[in-house]
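Tertiary structure, described
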Amino acid sequence: MEPDDLQQALTDQLEHINALKENQFALVAQVQVLQAALASALMHHPNRKGVLEAFERYMKVAKDSAPTLAGRMEGLEAGIAAVLGKHQA
């Protein structure tokens, strides 16, 4: 590979990496907005206990289905559970 070709390949890869980072930041921002909207809605739900029970069931299925992501889900799960009235010891 010629030096100019190598430089171009490195430049292209850097552009791809930067695009992936921008996409990741956009996804994180979307998740944050959705979490805030969900928390707002859940705070005023008339049956928070029932929603909490269903949420815990769905989270168990989600973590069992994606064990490599389960650890990352824990903190988010705890936040939503707290909004629904579950107190952490």
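Structural data are supplied above this passage.
One structure accompanies this document, and this report is about it. The structure displayed is predicted, hence computed values, not measured ones.

Counting secondary structure elements, the chain contains 3 helices and 0 strands. Mapped from its N terminus to its C terminus, the chain presents α and β elements in the order α-α-α. Here the C-alpha radius of gyration of the chain, 20 Å, is well above what a compact globule of 89 residues would show, namely 12 Å. Counting only C-alpha atoms and orienting by the principal axes, one finds that the chain spans roughly 65 × 25 × 20 Å. Taken over 89 residues, the chain has a buried fraction of 17%. Residue pairs in contact within the chain that sit at least 24 positions apart in sequence constitute 58% of those at least 6 positions apart. Here the chain has roughly 7,200 Å² of accessible surface; of this, 62% comes from carbon and sulfur atoms. Between the mean site of the 8 positive side-chain charges and the mean site of the 11 negative ones, the chain shows a separation of 23 Å.

Right, let's talk about the pattern of salt bridges for a bit. A full pass over the atoms with the stated rule returns 4 salt bridges. When the shortest N-O distance is used, the salt bridge between Glu-56 and Lys-86 registers 2.8 Å. A residue pair is termed long-range when its members are at least 10 positions apart, and Glu-56 in helix H2 (residues 48-65) and Lys-86 in the segment after helix H3 (67-83) qualify at 30 residues. The exposure class of Lys-86 is partly exposed, given its relative accessible area of 37%. For Asp-64, the salt bridge goes to Lys-60, with nearest N and O atoms at 2.8 Å. With a gap of 4 residues between them, Asp-64 and Lys-60 both fall in helix H2, about one helical turn apart.

Our focus in this paragraph is the environment of Gln-35. Examined against the element boundaries, Gln-35 turns out to sit in helix H1 (residues 3-43). Put simply, Gln-35 and Val-61 are 26 residues apart on the chain and 20 Å apart in space, counted from C-alpha to C-alpha.

Following both chains from N to C, one finds H1 and H3 inclined at 25°, their axes separated by 9 Å at the closest point. If you check the angle between H1 and H3, you find them roughly parallel. Crossing handedness for the pair H1 and H3: right-handed. For the pair formed by H1 and H3, the contact residues are Gln-35, Leu-38, Ala-39, Leu-42 and Met-43 on the first element and Leu-76, Ile-80 and Val-83 on the second. Its residues assigned to classes, the contact of H1 with H3 comprises 7 nonpolar, 1 polar and no charged.

By the secondary structure assignment, Lys-63 is in helix H2. According to the relative accessible area criterion, Lys-63 is buried, its value standing at 17%. Lys-63 has contacts with Ala-70, Met-73, Glu-74 and Glu-77, leaving out every residue within four places of it along the chain.

Rules behind the numbers
- Residues numbered from 1 in each chain as written.
- Predicted model: local features only at pLDDT ≥ 70, side-chain atom pairs only at ≥ 80, totals over all residues.
- Heavy atoms only, no water.
- Helix = DSSP H or I, 4+ residues; strand = E, 2+ residues; numbered from the N terminus.
- Rg over C-alpha atoms; globule rule 2.2 N^0.38 Å.
- Buried < 20%, exposed > 50% of the residue type's maximum accessible area, 1.4 Å probe, protein only.
- Contact = heavy atoms within 4.5 Å.
- Areas by Shrake-Rupley, 256 points an atom, 1.4 Å probe, with all protein chains shown as cover.
- Lys, Arg positive; Asp, Glu negative; His and termini not counted.
- Charge placed at Lys NZ, Arg CZ, Asp CG, Glu CD.
- Salt bridge = Lys/Arg side-chain N within 4 Å of Asp/Glu carboxyl O.
- Axes fitted to C-alpha atoms, helices over the stretch in contact; angles between N-to-C directions.
- Parallel < 35°, antiparallel > 145°, perpendicular 65-115°, else oblique.
- Left-handed = near helix turned anticlockwise from the far one by under 90°.
- Nonpolar A, V, L, I, M, F, W, Y, C, P; charged D, E, K, R; others polar.

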